[in-house]
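These are the residues of each chain, in order.
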Amino acid sequence: MLPVFIVASMAILGVSTVMAVFTNSLIIAVNIIDKIQGKSLSPSDLIMVTLCIFNILFQLIMLVNDYISFLETDLYFTDEVYVIFTVMLILPVYSSFWFTLCLSVNYYLQIIIFSHPLLIRLKIGVSQLVPQLLIASVFIAMATGVPAVWNFYRDPPGLNMSSNMTIEISVPKLNIIYLLPSNLISCSLPLVVVGITNGLIIKSLVTHTHKSKSNAKGDFSARADARVRAARTISCLLILYLSFYISEILMFIDAFPPNSPGFCTCLMVIYSYSPAQSIVLIFGSPKLKQVSLSLLHCSNTANKEKSKTPKVLFIKLRI
């Protein structure tokens, strides 16, 4: 019989995968329908669709990876299987970080009003180069992720992992010589840029709010509303990004023993990253938010109709 911790982890991962596939697929479907109807996708929509595709890929790979590690430990820790799954997980994660950077920079350039000619030209040019930037993001993720194949090593069997557990098999690990530069390029660098753009958007929002208060009308323009939504969306994505990044580092360095509260917290953060990110994107877009609320309304209406049906039949039978 499997331990309670493993059963609970498998159940939570299964639920988070269903949620991730549904919410990310919703974003993709709404934008594809708009495209079929002849509507042009904005650069933000294109970035979100690409990000959601990689989120689904990451969640499904993680599901298979963790299930095999829970159920077939000996098979999972063979060189071939472990290396393949590790690299397959690294690629969508690194790509997701770069896509988040593209989204935050695009929000900043589209919302902020520039007066300098060079910045105006950059603002126009970036919107047209979004497909190329997305492809470049994937190539950077591959350039920093694929070399992991040649940078694994094994600890000698019998080393203590914690105070009450000894390794019976040697576990493959990533070499720090590879891990440090790859994380700096594809994790830390996007994180810093996302944080900077988020700060600049918030600064612009605060400045505009101050000007609106000093104005007799105190109007709140559509551009200001877009700043609020962008700042809220990027802030939430930044918090998720940072939480995921810290959790991955803590798991990699074995900061917590298995089954400990800290280990479980890190695992839950990693499992919930993809669905949480898609929910943030949905509520940050008026179009996606409206579709989601309509689906919830239709679902509630259908449930109410089903609950009323037995009562109607009961009344008819009595008559």
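Residues numbered from 1 in each chain as written. Predicted model: local features only at pLDDT ≥ 70, side-chain atom pairs only at ≥ 80, totals over all residues. Heavy atoms only, no water.

Here we take up the overall build of the chain. Secondary structure assignment for the chain yields 10 helices and 4 strands. What you see in the chain, going N to C, is helices and strands ordered as α-α-α-α-α-α-β-β-β-β-α-α-α-α. Out of the 319 residues in the chain, the part that is buried amounts to 40%. Within the chain, residue pairs in contact and separated by at least 24 positions form 76% of the contacts whose partners lie at least 6 positions apart. For the chain, the accessible area works out to roughly 17900 Å², and carbon and sulfur atoms hold 71% of it. (Helix = DSSP H or I, 4+ residues; strand = E, 2+ residues; numbered from the N terminus. Buried < 20%, exposed > 50% of the residue type's maximum accessible area, 1.4 Å probe, protein only. Contact = heavy atoms within 4.5 Å. Areas by Shrake-Rupley, 256 points an atom, 1.4 Å probe, with all protein chains shown as cover.)

Let us now look at the packing of helix α1 (residues 4–36) against helix α2 (residues 43–71). Where α1 contacts α2, the two axes come as close as 9 Å, and the packing angle between them is 160°. In terms of orientation, α1 lies roughly antiparallel with respect to α2. As for how α1 packs across α2, the hand of that crossing is left-handed. (Axes fitted to C-alpha atoms, helices over the stretch in contact; angles between N-to-C directions. Parallel < 35°, antiparallel > 145°, perpendicular 65-115°, else oblique. Left-handed = near helix turned anticlockwise from the far one by under 90°.)

Attention now goes to a nonpolar patch on the surface. Among the surface-exposed residues, Ile140, Ile176, Ile177, Leu180, Leu184 and Ile185 lie close enough to one another that they form a single nonpolar patch of about 570 Å² accessible area. It is helix α7 (residues 176–214) that provides the largest number of residues to the nonpolar patch, a total of 5 residues. (Patch = residues over 30% accessible without salt bridge, like charges linked within 9 Å, V, L, I, M, F, W, Y side chains within 5 Å. Salt bridge = Lys/Arg side-chain N within 4 Å of Asp/Glu carboxyl O.)

Moving on, we get to the pattern of salt bridges. Evaluation of the coordinates by the stated rule reveals 3 salt bridges. One salt bridge connects aspartate 34 with lysine 287, and the closest N-O pair in it is separated by 3.0 Å. Placement of aspartate 34 in helix α1 and of lysine 287 in helix α10 (residues 286–318) is noted, with a sequence separation of 253 residues between them. By relative accessible area, aspartate 34 is classed as buried at 10%.

Here we come to the UniProt feature "transmembrane region" (unreviewed entry) in the chain. UniProt marks residues 6–33, 45–64, 84–109, 129–153, 176–202, 233–253 and 259–283 with the feature "transmembrane region" (unreviewed entry), using the numbering shown here. When the span residues 84–109 is considered, its composition is 100% helix and 0% strand, and the gap between its end C-alpha atoms is 38 Å. (UniProt positions renumbered as here; feature names shortened; annotations may be inferred.)

Turning to the packing of aromatic side chains, a few remarks are in order. Following the criterion strictly, the structure yields 11 aromatic pairs and no others. For the ring pair phenylalanine 5 and phenylalanine 263, a centre distance of 5.9 Å and an interplane angle of 55° mean the geometry is tilted. Here phenylalanine 263 lies in helix α9 (residues 261–283) and phenylalanine 5 lies in helix α1, a separation of 258 residues in the sequence. Plain terms: the ring middles of phenylalanine 58 and phenylalanine 244 are 6.0 Å apart, the flat faces sit at 80° to each other, and that makes the pair edge-to-face. Of this pair, phenylalanine 58 sits in helix α2 while phenylalanine 244 sits in helix α8 (residues 222–252), and the two are 186 residues apart along the sequence. The residues phenylalanine 58 and phenylalanine 244 share a single accessibility class, namely buried. An aromatic cluster of three or more residues is present, and its members are Phe58, Phe97, Tyr241, Phe244 and Tyr273. (Phe/Tyr/Trp six-rings, centres within 6.5 Å; stacked < 30°, edge-to-face > 60°.)

A word on the packing of helix α4 (residues 79–111) against α9. For any two helices packed against each other, one specifies the inter-axial angle together with the distance between the axes. Contact pair α4 / α9: the axes reach a minimum separation of 14 Å and the direction vectors enclose 15°. The pairing of α4 with α9 is recorded here as roughly parallel in orientation. For the pair α4 and α9, the crossing hand works out as left-handed. Contact residues: α4 offers Ser96, Phe97, Thr100 and Leu103, while α9 offers Tyr273, Gln277 and Leu281.

This next bit is on the side chain of serine 44. Tracing the backbone shows serine 44 in helix α2. Ignoring sequence-local partners within four residues, the contact set of serine 44 consists of Leu103, Asn106 and Tyr107.

Following the sequence through the fold, asparagine 55 ends up in helix α2. For asparagine 55, a relative accessible area of 1% translates into the label buried. Counting along the chain gives 41 residues from asparagine 55 to serine 96, while the straight-line C-alpha distance between them is 7.2 Å. Look past the residues within four positions of asparagine 55 in its chain and what remains in contact with it is Asn24, Ser96, Ser274 and Gln277.

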